[in-house]
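# Inside the fold
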Amino acid sequence: MSGNEDEAVKTICPYCGVGCGIKVQPGEEPGDMRFMPWAEAPVNEGRICIKGGAATEVVGHEDQLTDPLIREDGEFREASWEEAYSYVVDEMERVRETYEPDAMGFFGSSKVMNEENYLLQKLARRYGTNNVDNCTRMCHASTVWALRTSLGAGAMTNSMADLREAADVFWIHGANPGEQHPIANSQYFRQAVLEGATVIQVDPHANKTTRSFKIDETDRHMHLQVEPGTDIPLLNVVIKTILERHEKEPEAGWIDEAFVEARTEGFDHLVETLEDFDKEAAAETCGVPLEDIELAAEKYATADNAAIFTGMGMSQHTCGVDNVQNEINLALITGNVGRPGTGVNPLRGQNNVQGTCDVGAMPNVLPGYQLVDDDEARESVEEVWGFEIPPEPGLTNVEISHAIGDSIHGLYVMGENPVMSEPDGNRVEERLQELEFMVVQDIFLTETAQFADVVLPATTWAERGGTVTNTDRRVQRMRGVHKVHENTKHDLEIVSEVGTRLFGEDAGFDFEDPEAVFEELRQVCPSYHGMTYDALGEEGLHWPCYEEGDEGDPYLYEESFDTESGLGQIEGVTHQPPKEVPDDEYPLILTTARLEEHYNTGTMSRRSPTLNRQHPENFVDVHPADAERYGIEDGDYVRISSRRGEITVQAQVTEAIKEGVIWTTPHFAAASANRLTNDVLDERAKIPEYKAAAAEIQVGVEPVDGPEPADD
């Protein structure tokens, strides 16, 4: 290894959405790269979690793709880039001519840069379709929908810094930052707790967040251990309690009347919705004592500044939009929006899931969340791009998957792994085999790439530069060290070449570098318009940043909301049970979540020796009462089944989960939770219901051999 710290490159961790800065030290060989702390990094100030410290372990991994692959007679063979590009372009042209542009689907990726996603969604629209989406559909599509519709922007209303400095109460609902955003949790949220903030956590599972603050035995901590899928009735109990107390004691300020009157609309609808609401029955449905919910309501409503954090425990339901809308209702009626230490704040799970949405890699919006069916917005983008954009929203990624063999015949996948990430994974595999053509652009031969006709080898996160946008809207620069394998190409280079070959040299896909792409992005994305690479520097900027010289806004909606009326939208919602509930055949509720030591589909983290040692295989949490009923001992292997599939995992008997509920993860290919999850969708946001599926356990089974652990 080179010992010169001056050679270390400052970049951003490729894992979760916190946006931690790290350094990468190049070694003597191209694949030798070493993590180093970046003490002055703006978000994390040198601190890093286990994933960030191990991030360089996947760079130059022996599994990394090094040459293009083409399927021939059912087997892959190596090919030249010229042959691979020609195959891809010919097949894309054939699909369009045989059917129509909407016969192709395009998957962007939250693991690649803003510039790369921007160019891919531009490619899809130049091809003639809005069938482009990314993994936010699986994570926070419902959150984005509700926040954009009711407040104006599908993102955190506040910054982590102002939340640390000003919040008195953290309402953490369906999120587990101690596990999934450990640096945000320790560097920001725990610091606020040390200074006196109260934590109200709503989750079916006790977890690292519950323990990390070390206040669980004090009156500054509450864990409302709700039944999966009952978040709306719980929040309705909270809101009804606030309405009742305000009616009795209007001077106590449980409702911010001035804020509601001046800055919102829809309050009367909320009151009408809850007029005959039965709090006692709702609390019983939630499985949480009524007095605990009422106490939580008091703590939130009477705080000077209360902030809501919302996670996938709220969004990944068929009622996900309504779940988040009820959080917005709670924040608006108490005036907890538009100033430091407040708001509704989704914690994003991947290092560029926010940016991927910002730059328009979604079927219903253009860059900057401009609606594709808004004539004025569409025409303003067309002026820059020089071609007409389809005026109707396209299909989401799960809808694309469902339409394979019907209206979808080709698929372009950049850095996504739908076999692992989409629900009902067995059926996803079957559908991919029905495609006439699929090209996958990735760093490893993923579970999805194994079904491709063409595989294009891309470079890893440490080999290239660009920008990413973290969970609190901070746009930051990633900087590449150098390429590891000579015949791989950067994602931007690949998409640029495909676009140029499809549409010509003057079609707007030939860019000199990522900065040139960013310059065009600024022209069509109002919230990024004031940013330049020079202005981003090492600190980055929060959007919105409308003009050069703007410093960006750490928190939103100080004076008005970005809705049509300028007012925050309140809308009463009612309980909708999960689409699958326990019955005699499947008497348990399966819910899922992520681990600190792994990352989404496990494509990178399962190849990291450090991370794989922590959790080399999947497991399931089972309550002691359920374990006794089934005859399960801690450490036994069990088979979990649903109406869609089965997996074999080791049982952990623990009181952390509620009786009648089992809990597992999606990270492991040998036993992924998404072989079991339900692909029914929220009608508006089209997000699947990952968080509740009917399941059963079978005991007395043998472990199933999975992939070999990563080598040291």
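Residue positions are counted from 1 within each chain, in the order its sequence is given. The predicted nature of this model means local features are confined to residues of pLDDT at least 70 and side-chain atom pairs, given and counted, to a pLDDT of 80 or more, with totals for whole chains, interfaces and linings taken over all residues. The basis for every side-chain value is the complete set of heavy atoms in the structure, and neither hydrogens nor water enter the calculation.

Another point: the overall build of the protein. Think of it this way: any DSSP run of H or I at least four residues long counts as a helix, any run of E at least two long counts as a strand, and we number them from the N terminus. Secondary structure summary: the protein contains 26 helices and 30 strands in total. We take the radius of gyration over the C-alpha atoms and set the globule estimate at 2.2 Å times the residue count to the 0.38 power. Radius of gyration (C-alpha) of the protein: 24 Å, near the 27 Å computed for a compact globule of 712 residues. In terms of its C-alpha atoms, the protein occupies a principal-axis envelope of roughly 75 × 65 × 55 Å. Buried, partly exposed and exposed residues are distinguished by accessible area as a fraction of the type maximum, computed with a 1.4 Å probe on protein chains only: under 20%, between the cut-offs, and over 50%, respectively. Each of the 712 residues in the protein was classed as buried or not, and the buried ones make up 64%.

At least two DSSP bridges between two strands are needed for those strands to be called paired. The three strands lie next to each other as E19-E20-E21, forming an open sheet whose pairing is antiparallel. The two strands at the open ends of the sheet, each matched to only one other strand, are strand E19 (466-469) and strand E21 (541-542). Summarising the sheet, strand E20 (residues 474-478) and E21 pair through two bridges and their orientation is antiparallel. Of the residues in E21, the one forming a bridge with Val475 is Leu541.

With that settled, consider the nonpolar core. What tends to happen in soluble globular proteins is that the nonpolar side chains get buried as a cluster. We define the nonpolar core as a collection of buried residues of types Ala, Val, Leu, Ile, Met, Phe, Trp, Tyr and Cys that are connected through side-chain atoms lying within 4.5 Å of one another. Counting residues in hydrophobic clusters, the biggest one holds 165 residues, and the most contacted among them are Met92, Phe106, Leu123, Phe170, Trp171, Leu234 and Tyr412. Setting aside chain neighbours within four positions, we find Met92 in contact with Met104, Phe106, Tyr127, Tyr412, Phe437, Val498 and Leu502. Within the second largest apolar cluster, 18 residues are counted, among which are Leu411, Leu435, Val440 and Ala449. Residue contacts are defined here by distance: any two heavy atoms, one from each residue, within 4.5 Å place the two residues in contact.

This next bit is on the environment of His623. Structurally, His623 can be placed in the loop between strand E24 (619-622) and helix H26 (624-630). Judged by relative accessible area, which is 17%, His623 ranks as buried. Sequence spacing of His623 and Tyr412 is 211 residues, and the spatial spacing of their C-alpha atoms is 43 Å. Setting aside chain neighbours within four positions, we find His623 in contact with Val653, Thr654, Glu655, Ile657, Lys658 and Glu659.

In this section: the packing of helix H10 (residues 231-248) against helix H14 (residues 290-301). Angular values range over 0 to 180 degrees, each being the angle between N-to-C directions of two axes fitted as lines to C-alpha atoms, with helices fitted over their stretch in contact. Two elements in contact, H10 and H14, have axes separated by 9 Å at closest approach and are oriented at 65 degrees. Crossing of H10 against H14: the hand is right-handed. On H14, the residues that touch Leu234, Val237, Val238, Thr241, Ile242 and Arg245 of H10 are Leu290, Ile293, Glu294, Ala297, Glu298 and Ala301. Residues were grouped as follows: Ala, Val, Leu, Ile, Met, Phe, Trp, Tyr, Cys and Pro as nonpolar; Asp, Glu, Lys and Arg as charged; and all remaining residues, including Gly, as polar. Broken down by class, the residue content of the contact of H10 with H14 amounts to eight nonpolar, one polar and three charged. Here a crossing is taken to be left-handed if its near helix is turned anticlockwise relative to the far helix by less than a right angle, and right-handed if that turn runs clockwise.

With that settled, consider the packing of helix H3 (residues 114-127) against helix H22 (residues 491-503). Remark: H3 packs on H22, axes separated minimally by 9 Å, with the N-to-C direction vectors making an angle of 20 degrees. Classified by the angle their axes make, H3 and H22 are roughly parallel. Judged by the twist between their axes, the crossing of H3 over H22 is left-handed. Facing Glu115, Glu116, Leu119, Leu120, Leu123, Arg126 and Tyr127 of H3, the residues of H22 in contact are Asp491, Leu492, Val495, Ser496, Val498, Gly499, Leu502 and Phe503. Any angle that is under 35 degrees is reported as roughly parallel, and any over 145 degrees as roughly antiparallel; angles of 65 to 115 degrees are reported as roughly perpendicular and all others as oblique.

Further remarks concern a negative patch on the surface. Only residues whose relative accessible area exceeds 30% and that take part in no salt bridge are eligible for patches, with like-charged residues grouped when within 9 Å of each other and nonpolar side chains (Val, Leu, Ile, Met, Phe, Trp, Tyr) grouped when within 5 Å. Reported accessibility uses the Shrake-Rupley method at a 1.4 Å probe radius. Residues are deemed covered only where the shown protein chains occlude them. A pairing counts as a salt bridge when a side-chain nitrogen of Lys or Arg comes within 4 Å of a carboxyl oxygen of Asp or Glu. In this tally Asp and Glu are treated as negative and Lys and Arg as positive; neither His nor the chain ends contributes. A charged residue contributes its charge at one atom only: NZ of Lys, CZ of Arg, CG of Asp or CD of Glu. Taken together, the side chains of Asp373, Asp374, Glu376, Glu379, Glu383 and Glu392 make up a negatively charged region of the molecular surface. Within the fold, Glu376 resides in helix H18 (residues 375-385).

So, about the pattern of salt bridges. Counted according to the given criterion, the structure contains 35 salt bridges. Here Lys489 and Glu493 are joined by a salt bridge, their closest N and O atoms 3.5 Å apart. When salt bridges that share partners are traced, they join Glu580, Asp583, Arg643 and Arg644 into one network.

Below, the discussion takes up empty space enclosed by the protein. Using a 1 Å grid laid over the protein atoms alone, points where a 1.4 Å probe fits but cannot get out form a cavity; open sets with protein on both sides within 12 Å along at least 5 of 7 lines form a pocket; any residue with an atom within 4 Å of a point counts as lining. Grid points are joined across faces, edges and corners, and a volume is the space filled by probe spheres set on the points. A full pass over the atoms with the stated rule returns seven cavities of 30 Å³ or more. By volume, the largest cavity is sized at about 320 Å³. For the largest cavity, the lining is made up of 28 residues, of which Gly174, Asp203, Gly313, Thr592 and Lys691 are closest to its centre. At the level of elements, helix H15 (312-315) and strand E23 (588-592) are the ones that each hand at least two residues to the lining of the largest cavity. Looking at the lining of the largest cavity residue by residue, the classes come out as nine nonpolar, 15 polar and four charged. In this structure, the second largest cavity occupies an estimated 260 Å³ of space. Residue composition of the lining of the second largest cavity, grouped by class: eight nonpolar, eight polar and four charged.

Turning our eyes to something else, we now look at the environment of Ala452. With respect to the helices and strands, the residue Ala452 is situated in the loop between strand E17 (437-442) and strand E18 (454-457). In the structure, Ala452 is positioned 40 residues away from Tyr412 in sequence and 9.6 Å away in space, judged by C-alpha atoms. Residues in contact with Ala452, not counting those within four places in the same chain, are Arg71, Phe76, Met438 and Val440.

By this rule, a helix spans an expected 1.5 Å times one less than how many residues it contains. Given a rise of 1.5 Å per residue, 13 residues ought to cover 18 Å, and the 18 Å separating the end C-alpha atoms of H22 matches this to within 8%. Taken residue by residue, H22 has Asp491, Leu492, Ile494, Val495, Ser496, Val498, Gly499, Thr500, Leu502 and Phe503 as its buried positions. Residues of H22 that are buried make contact with helix H2 (81-98), H3, strand E16 (410-414), E17, E18 and helix H23 (514-524). The first or second residue beyond H22 is Gly504, which carries a positive phi of 105 degrees.

Counting all residues, the mean pLDDT for the protein is 94, and 98% of those residues have values of 70 or more. The pLDDT value expresses, per residue, how confident the predictor is, ranging between 0 and 100. Per-residue pLDDT stays below 50 along residues 707-712; that stretch engages in eleven contacts with residues further than four places along the chain or on separate chains.

Below, the discussion takes up the side chain of Asn336. Turning to its location among the elements, Asn336 is positioned in the loop between helix H16 (320-333) and strand E13 (344-346). The term polar contact refers here to a pair of N or O atoms within 3.5 Å; inside protein, the definition further demands a hydrogen-donor-capable atom paired with an acceptor-capable atom, and it admits residues adjacent in sequence only when both atoms are side-chain atoms. A distance of 3.0 Å separates a polar atom in the side chain of Asn336 from the backbone nitrogen of Ala306. The residues touching Asn336, leaving out its near neighbours within four places in the chain, are Tyr300, Asp304, Asn305, Ala306, Ala331, Thr342 and Gly343.

Stacked, tilted and edge-to-face pairs are distinguished by plane angle, under 30 degrees for stacked and over 60 for edge-to-face with tilted covering the rest, among Phe, Tyr and Trp rings (Trp via its six-membered ring) whose centres lie within 6.5 Å. As enumerated under the stated definition, the model contains 17 aromatic pairs in all. Their ring planes at 40 degrees and their centres at 5.2 Å tell us that Trp81 and Tyr85 sit as a pair that is tilted. Residue Trp81 and its partner Tyr85 are both found in helix H2; the two are separated by four residues, about one turn of the helix. The burial state of Trp81 is the same as that of Tyr85; both residues are buried. A ring pair is formed by Trp385 and Phe387, whose centres lie 5.5 Å apart and whose planes are at 20 degrees; its orientation type is stacked. There is no split in this pair, since Trp385 and Phe387 are both buried. Taken together, the ring pairs connect Phe106, Tyr127 and Tyr412 into an aromatic cluster. Think of it as a cone above the ring: NZ of Lys or CZ of Arg counts as a charge over the ring if it is within 6 Å of the ring centre and within 35 degrees of the ring normal. Across the ring face of Trp543, the terminal group of Arg473 is positioned such that the distance to the ring centre comes to 5.7 Å. Note that Lys489 overlies the ring of Trp81, its terminal NZ or CZ placed 5.2 Å from the centroid.

This brings us to the sheet that holds strand E26 (residues 646-653). As summarised here, the arrangement of the six strands in space is E23-E27-E24-E26-E25-E30, forming a closed barrel in which the pairing is mixed. Strand-to-strand, the axes of this sheet are offset by a mean angle of 45 degrees, without reference to chain direction. Note that E23 and strand E27 (residues 661-664) share four bridges and pair parallel. In the sheet register, Thr591 faces E27, and the bridge partner there is Trp663.

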